[in-house]
Amino acid sequence: MDKILEGLVSSDHSVPVKKAIVKKVVEAAENEATEEQCRALFTLTTRLILLGEDAFQKQIGVQVLDAYARYHRPEFELFFNKDFVLSLLQQGYGQLDHRDPFIIDYIHCCLRLLISCPSVLETFSVIQVEFLRMVCERPEPALCARLSTLLLDFMQCTPRGKSGVLFCQQLVRTISCFQCFASQEQELREYVGQVMKVSTLLQNIWKAEPATLLPSLQEVFAIISSTDPSFDPSIALASLVQHIPIQMITVLIKSLTTDQNVRDASMTKALCRMIDWLSWPLAQHVDTWVVALLKGLAAVQKFTILIDVTLLKIELVFNRLWYPIVRQGALAVLSHMLLSFQHSPEAFHLVVPRVVNLVESLRTDGLPTSKAFLLQFTELMHCMMYQYSGFPDLYDHILEAIKDLPKPSEEKIKLVLNQSAWTSQSNSFASSLSKQAGKSETGKTGLINLGNTCYMNSIIQTLFMATDFRRHVLSLHLNSSNTLMKKIQLLFAFLAHTQRVAYAPRNFLEASRPPWFNVSSQQDCSEYLRFLLDRLHEEEKTLQVLESSKPKVPSLVGCSSKETSSEERQESRLIETETKPADDQRTLIEKMFGGKLITGIRCMQCNCISEKEEPFTDLSLAFCPAASSQKSPKFQGPSEEPKLLCQGAVNGGSEAPEPGSASSLASNFHYEPDTNEPPLSVPDLVNYFLAPEILDEDNAYFCEKCASLQRAERTLKLVSAPEYLILTLLRFSYDAKCHTRRKILDNVTIPPALRLPVHVPTPPAQWSSASSSPVQVDSPESSENLAKKLKPSQGDEKEDGTQRIDEVQERAATTTRTVGTSAAQTQPIPHLTERMWRKARPLVASAHLS
């Protein structure tokens, strides 16, 4: 019979004739046949199945093999034994390689015919070992899909025990190596189908052997967190996410985010690759896992990772919104990334240029789900534009595109923003981790954000790092526990001596928050600082009045003077002299932060001068309206003709000072064109603040001597500098054309030290010659130009020893004072750094004066 079949296959007969003859051969399978005849037929049909020249020959082989194996099962069992299977899986068949998918299909076909035979168990054992070996060789998706199909039908062939764990891990590793080179939709569908078969196999193994699940997931994380630049895992791993039980999210995310062995770089890589999985079609729950990991990282305050990943991937996530099959999951991730990224508009502004095109596409694509999706997307855009309302010029085209769509209420927007902030992500394991951890390597204790309270935390840290102010606060003898000064004293004492890694200043927040500040809303740190200092100042003035009204009682300290050492008495006298001189009734706030400036107005008709001395605790520095067109100030020599720096007329006009005016005598530098366009600096803004201003037209000055409105020049002079100088940058301006506030985003550099012009009051006759001179910048390398910087006392040396800055000799001949600038970070650090100067809201910075 085998000879007839072989001749038929190689003959030139038509296909219908061949089919008729094959039918006769299949019907003859019911007849008796010797073992030799059966073996010959099995050999021939195997060759036709594996090496057939076309599909017809392969089909003939399958039909005849199936018929004779069913009627002659013992003979087929002897033919398809474990040795034959082993040779197929190790050596292949003829010119077929052992990794050819046709071999797996042939074995699959034969196993169906032998399922009830006892010898098949030995074959299963061979297949278990060989399939594990093949998976370790990283087969292509087509072969891996054939293996999965076989194992799904015959789970007995799946490795068990430790081999089963290894098999799952290696299968995960194999999926990570899949690559798709499809150029046609059909090829892409075929590739996706192959991957889904493999992921389904893993799902079945995890259900049958739960012990294999966790090692498999660990392997997934090890792959996606790899920082090896030569290896980029396939997004086909996304197909596994839908098979991970949702109930395991909390446990797995907690394990990942609290594992001290996982480096930030690895976590960043893993999160970026999980976001890439949003591109995988048909994958479910990818967005759920991504959002859960983002929340978990926020709970353990891994904000650096969140910032890096958001800025890196926000545009990719937005682009996924164009594809309906992955649109909904992408929107969930995009919403969380944008709504939680509340410290800066940078992430939102990356996607702003793409919004209008997407809205127009959603309106016209005709899909039934697009309308509901557009409403969700519009609500997100309204929330983001409300959060960053200082950029109306960027949002005009967006508002025009969505003007006919519903807008959420302001209450709903606030609720969404508050619930989405990173600081609102509370976790029990995160709080317990904070309690167990010790202080950071800086030796300082951090402040926990209580819900958009960074404005308070940054001010607390700035005041705490002002050494002299902290020392005076801690040395005060306060009886009442209800005063704000007592609360800040207790707060400073706790931060100085606690061993906690972080502290939540809830009591101080409730006591110091201005009444008009909404709970859990972003606020202006400079406004908060001004309110806090005013409260402390008025509180102390009230106590001074109450103390002065009480009758003085002789002190009993003298009675025990014999028991007090001379050193203690001397120290007591020094402290009393330092903290409360007999002739100094100024409050602590006035001593530390108070300065004085003189506002002078000179009538340009009669040269009559009017001066008024005013106290200040901070200087509000505005940006020059023409700053964008001007360059940085450059000092010029006396031989050069000055181009004068002035604020111009109050009504907005530019005004050149007249010869002999204070501005012409005060200005010793000018703006020169510079192709490099260096950024503005703090000295530039201070100079602009002190520059003369012309009063004319609607703002003309009423001169009492002339008894009429006259053109005048107004100048400012610093006559008393504070111990700590507070500068506020006014970064918002009013756009008269659009009637909106606009934010000034110019960079402002901060020198390590600057010379603040402080003038000794002079008689009015000499007023012109004593005008303010520009602030000067000292080089950090020039120690002779530096006054003393922040230096802890002997009592603070243990606490701040690593932060000590040596005192530098002060020049006695100068009337100006050197300012050592500093600022606060959102976490306490030894030195007050530049980060607080970079805050998006008006800047508040602290600088110590000699």
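Refer to the structure above for everything that follows.
Predicted model only: the values in this text are computed from it and were never measured. (Residues numbered from 1 in each chain as written. Predicted model: local features only at pLDDT ≥ 70, side-chain atom pairs only at ≥ 80, totals over all residues. Heavy atoms only, no water.)

When helices and strands are counted, the chain shows 33 helices and 20 strands. Per-residue burial for the chain yields a buried fraction of 48% across its 850 residues. Restricting the contact set of the chain to residue pairs at least 6 apart, pairs at least 24 apart contribute 76%. As displayed, the chain offers around 43000 Å² of accessible surface, 52% of which is attributable to carbon and sulfur atoms. (Helix = DSSP H or I, 4+ residues; strand = E, 2+ residues; numbered from the N terminus. Buried < 20%, exposed > 50% of the residue type's maximum accessible area, 1.4 Å probe, protein only. Contact = heavy atoms within 4.5 Å. Areas by Shrake-Rupley, 256 points an atom, 1.4 Å probe, with all protein chains shown as cover.)

Turning next to the nonpolar core. Formed by 143 residues in total, the largest nonpolar core has its most connected members in F76, F80, Y106, I107, L111 and F348. The contacts of F348, once residues within four sequence positions are left out, are L338, M381, M384, M385, Y388 and Y395. Core analysis: the second largest hydrophobic core is formed by 36 residues, L447, Y455, M456 and A511 among them. (Core = buried A, V, L, I, M, F, W, Y, C linked by side-chain atoms within 4.5 Å.)

A few words now on unusual backbone geometry. Even without being a glycine, R138 presents a positive backbone phi close to 55°. Structurally, R138 is set in the loop between α8 (120-136) and α9 (141-153). Although it is not a glycine, A707 adopts a positive phi angle of roughly 60°. Residue classification places A707 among the exposed positions, given a relative accessible area of 54%.

On to the pattern of salt bridges. Enumeration according to the criterion identifies 27 salt bridges in this entry. Note that K313 is salt-bridged to D276, the shortest N-O span being 2.8 Å. Residue K313 is located in helix α17 (residues 303-319), and its partner D276 is located in helix α15 (residues 264-276); the two are separated by 37 residues in the primary sequence. What makes K313 buried here is its relative accessible area of 12%. Sharing partners across several salt bridges, the network here consists of R99, E130, R133 and E137. (Salt bridge = Lys/Arg side-chain N within 4 Å of Asp/Glu carboxyl O.)

The subject of this paragraph is the packing of aromatic side chains. Describing an aromatic ring pair means giving the distance of the ring centres and the angle of the ring planes. Tallying each qualifying case throughout the model produces 21 aromatic pairs. Their ring planes at 50° and their centres at 5.7 Å tell us that F348 and Y395 sit as a pair that is tilted. With F348 in helix α19 (residues 346-364) and Y395 in helix α21 (residues 392-401), this pair connects stretches of sequence that are 47 residues apart. For the residue pair F348 and Y395, the accessibility class agrees, reading buried in each case. An aromatic cluster is present here, built from F42, F76, F79, F80, F84 and Y106 joined pairwise through their rings. Its end group placed over the ring of F102, K58 keeps NZ or CZ at 4.6 Å from the ring centre. Lying over the aromatic face of F373, R327 brings its terminal NZ or CZ to 5.2 Å of the ring centre. (Phe/Tyr/Trp six-rings, centres within 6.5 Å; stacked < 30°, edge-to-face > 60°. Lys NZ or Arg CZ within 6 Å of the ring centre and 35° of its normal.)

It is worth spelling out the environment of V192 at this point. Relative to the assigned elements, V192 resides in helix α11 (residues 185-208). Sequence spacing of V192 and L282 is 90 residues, and the spatial spacing of their C-alpha atoms is 8.9 Å. The residues touching V192, leaving out its near neighbours within four places in the chain, are W280, P281 and L282.

What follows is about the sheet that holds strand β4 (residues 609-616). Pairing is antiparallel across the open sheet formed by 4 strands, whose spatial order is β4-β3-β12-β9. Only two strands of the sheet have a single neighbouring strand rather than two, namely β4 and β9 (693-695). Taking the axes of each pair of neighbouring strands and ignoring which way they run, one obtains an average angle of 30° across the sheet. (Pairing = 2+ DSSP bridges. Axes fitted to C-alpha atoms, helices over the stretch in contact; angles between N-to-C directions.)

As a further point, take the pairing of strand β3 (residues 595-603). For β3, the buried fraction is high: 8 of the 9 residues fall into the buried class. Judged from the 8 bridges that link them, β3 and β4 form a sheet pairing that is antiparallel. Following the sheet pairing, G595 is matched in β4 by F616. Bridging between β3 and strand β12 (residues 712-720) involves 8 bridges; their strand directions are antiparallel. Within the sheet, the bridge partner assigned to C603 lies in β12 and is A712.

What follows covers the packing of helix α3 (residues 35-51) against helix α7 (residues 101-114). The N-to-C vectors of α3 and α7 enclose an angle of 140°; their axes lie 9 Å apart at closest approach. For the element pair α3 / α7, the angle class is oblique. As for the relative orientation of α3 and α7, their crossing is right-handed in sense. Residues T46, I49 and L50 of α3 touch α7, and the partners they reach there are F102, I103 and Y106. Grouping the amino acids of the contact of α3 with α7 by side-chain chemistry returns 5 nonpolar, 1 polar and no charged. (Parallel < 35°, antiparallel > 145°, perpendicular 65-115°, else oblique. Left-handed = near helix turned anticlockwise from the far one by under 90°. Nonpolar A, V, L, I, M, F, W, Y, C, P; charged D, E, K, R; others polar.)

Our next topic: helix α20 (residues 370-387). The end-to-end C-alpha distance of α20, which contains 18 residues, comes to 26 Å, matching closely the 26 Å that a straight helix rising 1.5 Å per residue would cover. Residues of α20 that are buried make contact with α17, α18 (327-340), α19, α21 and α22 (410-420). (Expected span 1.5 Å × (residues − 1).)

Once that is clear, we can look at α21. Think of an α-helix as turning once every 3.6 residues; residues three or four places apart then point the same way. Residues of α21 that are buried: P392, Y395, I398 and A401. Summarising the axial view, the buried residues of α21 lie within an arc of 170°, below the 170-degree limit, and thus occupy one face. In this fold, the buried residues of α21 make contact with α19, α20 and β15 (740-743). (Arc of directions from axis to C-beta.)

All right, on to the packing of helix α16 (residues 286-299) against α18 then. Running from N to C, α16 and α18 point in directions that differ by 15°, and their axes come no closer than 9 Å. For the element pair α16 / α18, the angle class is roughly parallel. For α16 against α18, the interelement crossing comes out right-handed. Across from D287, V290, V291, L294 and K295 in α16, the residues of α18 making contact are G329, A332, V333, H336 and M337. Classifying every residue of the contact of α16 with α18 by side-chain character gives 6 nonpolar, 2 polar and 2 charged.

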